Amino acid sequence: MFKPSCYSCRKKFEPSALRVSYSKNYCEGCGVGLFGEDYFNFPPKPAPTTRKNLVVHVAVLIFGAVFFALWLSISGF
Ligand SMILES: [Zn+2]
């Protein structure tokens, strides 16, 4: 499972433990050290959605089906 890392200390964190500033992730320790109270105004990092994984899964399945059909059509005639 992919875990995002803090841009400053490079440690891996759960997405919920990170906040995003200019599309860079910061953990609370680094964020408060760098930005002070501003850190708490940054939006939290959104959790990775399973929907994206599902889309990739379906795309791979369709890809496989197309190749299987192609293989059938080649070997069938
Ligand atoms: Zn950090």
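Residues numbered from 1 in each chain as written. Predicted model: local features only at pLDDT ≥ 70, side-chain atom pairs only at ≥ 80, totals over all residues.

A tally of regular secondary structure across the chain gives two helices and two strands. Its C-alpha atoms give the chain a radius of gyration of 21 Å, more than 25% over the compact-globule value 11 Å for 77 residues. Judged by the C-alpha coordinates and their principal axes, the chain covers about 70 × 20 × 20 Å. Looking at the chain residue by residue over its 77 residues, the buried ones come to 9%. When contacts within the chain are restricted to residue pairs at least 6 apart in sequence, those whose partners lie at least 24 apart make up 26%. (Helix = DSSP H or I, 4+ residues; strand = E, 2+ residues; numbered from the N terminus. Rg over C-alpha atoms; globule rule 2.2 N^0.38 Å. Buried ≥ 20, exposed ≤ 12 C-beta atoms within 10 Å, placed from the backbone. Contact = placed C-beta atoms within 7 Å.)

The next thing to look at is helix α2 (residues 50-76). Taking 1.5 Å as the rise per residue, α2 with 27 residues should run 39 Å; its terminal C-alpha atoms sit 38 Å apart, in good agreement. Of all 27 residues in α2, zero are buried, a share of ten percent or less. (Expected span 1.5 Å × (residues − 1).)

Right, let's talk about unusual backbone geometry for a bit. In this structure, R10 is a non-glycine residue whose phi angle is positive, near 65°. Here R10 is to be found in the segment before β1 (18-21). The backbone phi angle of S23 is positive, close to 55°, even though this residue is not glycine. With respect to the element layout, S23 can be found in the loop between β1 and β2 (24-27). For S23, a count of 6 C-beta atoms within 10 Å puts it in the exposed group.

Moving on, we come to the domain arrangement of the chain. You can read the domains of the chain as domain 1 (1-46) and domain 2 (48-77). A straight line from the C-alpha centre of domain 1 to that of domain 2 covers 37 Å. (Domains from an automatic or database assignment.)

Here the focus is the environment of A17. If you trace the backbone, A17 turns up in the segment before β1. The exposure class of A17 is partly exposed, given the 17 C-beta atoms found within 10 Å. Put simply, A17 and A69 are 52 residues apart on the chain and 46 Å apart in space, counted from C-alpha to C-alpha. Ignoring any residue separated from it by four or fewer positions in sequence, one finds A17 in contact with C27 and E28.

Here we take up the environment of Y26. Looking at the element boundaries, Y26 is found in strand β2. Under the C-beta neighbour-count criterion, Y26 is labelled buried, with 23 such atoms within 10 Å. Sequence spacing of Y26 and F13 is 13 residues, and the spatial spacing of their C-alpha atoms is 9.4 Å.

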